[in-house]
Amino acid sequence: MSQGKARVISTELLPNSEAEWKRLVKTTYIGQDGVTRTWEHAERTTRPEGSAFDGVSVVAILEKDTGREILLEKQYRPPLDKICIELPAGLVDKGETAEQAAVRELKEETGYVAQALTTSPIMFNDPGFCNTNFKLVEVSVDMSLPENQNLKPELEENEFIEVFHVKLDDLWDECVRWEAQGYALDARLASFAKGIQIAQKFGLASRP
């Protein structure tokens, strides 16, 4: 996937009054030492009422004859002005569970039909900068289903996503190679890949 015509053509400060998805705020707090200080940070404004989290990231492992492969995405990200390699992900809708959001987002972005298996606690992307958070959902993809042979993603008009998969055992080496090729790496994916490499290095046994 090439970046093609996608590129940043200008950048300017955005007033909070014009922001649709997030805002910049100043928080006054009392530290552990009793001193009053301020902190500037971003807040996401789209979290549904009643939800404790903003969205989900999806770990979808495909069982193939040649071994386990993980489902990934490439898409251009304007804040980076680069194509980023990521796990499938998206925001939760009002009234959705993390599991429902993960299955829906995976179907919309990749076309794959899946079932949720396990869900992580709430995780924060960059807690010193913003309050954005998510849950990591592991899903099972039955490759024998007809729907998973004839994929039909349901992308929005402004979404240009390339779906691909790589061998799970090679994921960290692939991350290193992708960065060398000029791609940006989403921290959730890179951390997941590094965790696999560390587990391999120390021979950590899997548990049922």
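To be clear, the structure that these remarks concern was listed above.
Below is a summary of the structure that appears in this document. (Residues numbered from 1 in each chain as written. Predicted model: local features only at pLDDT ≥ 70, side-chain atom pairs only at ≥ 80, totals over all residues. Heavy atoms only, no water.)

### Topic: the overall build of the protein
And step 1. Helix and strand content of the protein: three helices and 11 strands.
And step 2. Ordering the α and β elements of the protein from the N terminus gives β-β-β-β-β-β-α-β-β-β-β-α-β-α.
And step 3. In terms of its C-alpha atoms, the protein occupies a principal-axis envelope of roughly 60 × 45 × 40 Å.
And step 4. Across the 208 residues of the protein, 33% fall into the buried class. (Helix = DSSP H or I, 4+ residues; strand = E, 2+ residues; numbered from the N terminus. Buried < 20%, exposed > 50% of the residue type's maximum accessible area, 1.4 Å probe, protein only.)

### Observations regarding the nonpolar core
And step 1. In this structure, I70, L72, L171 and W178 are the most contacted members of the largest nonpolar core, which totals 20 residues.
And step 2. Sorting the residues of this core by element identifies β3 (55-64), β4 (67-77), β5 (82-86), β9 (133-140), β10 (162-167), α2 (171-180) and α3 (187-201) as the ones contributing at least two each.
And step 3. Apart from residues lying up to four places away in sequence, I70 is in contact with V59, A60, I61, L87, F164, H165, V166, L168, L171 and F192.
And step 4. Counting 16 residues, the second largest nonpolar core, distinct from the first, contains F53, L71, A101 and A102. (Core = buried A, V, L, I, M, F, W, Y, C linked by side-chain atoms within 4.5 Å. Contact = heavy atoms within 4.5 Å.)

### Some thoughts on the side chain of T132
And step 1. For T132, the location among the structural elements is in the loop between β8 (123-124) and β9.
And step 2. What makes T132 buried here is its relative accessible area of 13%.
And step 3. Leaving out residues up to four positions away in the same chain, T132 has contacts with R44, D54, M123, F124 and N125.

### Some details on a nonpolar patch on the surface
And step 1. On the surface, a cluster of nonpolar side chains totalling about 320 Å² of accessible area is made up of I198, F202 and L204.
And step 2. Residue position: L204 is located in the segment after α3.
And step 3. Exposure remark for L204: the relative accessible area of 56% places this residue in the exposed category. (Patch = residues over 30% accessible without salt bridge, like charges linked within 9 Å, V, L, I, M, F, W, Y side chains within 5 Å. Areas by Shrake-Rupley, 256 points an atom, 1.4 Å probe, with all protein chains shown as cover. Salt bridge = Lys/Arg side-chain N within 4 Å of Asp/Glu carboxyl O.)

### Examining the state of the cysteines
And step 1. Counted under the stated rule, the structure contains zero disulfides.
And step 2. Between C84, a free cysteine, and C175, which holds the nearest cysteine sulfur, the sulfur-to-sulfur gap is 10 Å.
And step 3. Looking at C130, it has no disulfide partner, and the nearest cysteine sulfur is the one in C84, 15 Å off. (Disulfide = S-S within 2.5 Å.)

### Digging into the pattern of salt bridges
And step 1. With the rule as written, the count across this model stands at 12 salt bridges.
And step 2. Residue R37 pairs with D33 through a salt bridge whose shortest N-O separation is 2.9 Å.
And step 3. Taking the shortest distance from any N to any O, the salt bridge between R188 and D186 comes out at 3.0 Å.
And step 4. Here the salt bridges share partners, and the residues they tie into one network are D93, E96, R104, E105 and E108.

### Some points on the side chain of K74
And step 1. Position of K74 among the secondary structure elements: in strand β4.
And step 2. One polar contact links K74 to Y183, side chain to side chain, over a distance of 3.4 Å. (Polar contact = N/O pair within 3.5 Å; in protein donor to acceptor, adjacent residues only side chain to side chain.)

### Section: helix α1 (residues 98-110)
And step 1. Taking 1.5 Å per residue, 13 residues should reach 18 Å; α1 reaches 18 Å between its end C-alpha atoms and fits that length.
And step 2. Taken as a whole, α1 has its buried residues at A98, A101, A102, R104, E105, L106, E109 and T110.
And step 3. Considering only its buried residues, α1 is in contact with β3, β4, β6 (89-91), β7 (115-119), β9 and β10.
And step 4. Where α1 terminates, the next one or two residues include G111, which has phi positive at roughly 90 degrees. (Expected span 1.5 Å × (residues − 1).)

### Comments concerning the environment of E154
And step 1. Inspection of the secondary structure puts E154 in the loop between β9 and β10.
And step 2. The class for E154 is partly exposed, based on a relative accessible area of 45%.
And step 3. In this structure, the C-alpha to C-alpha distance between E154 and T110, residues 44 residues apart in sequence, is 7.8 Å.
And step 4. Setting aside its immediate chain neighbours within four residues, E154 contacts K107 and E108.

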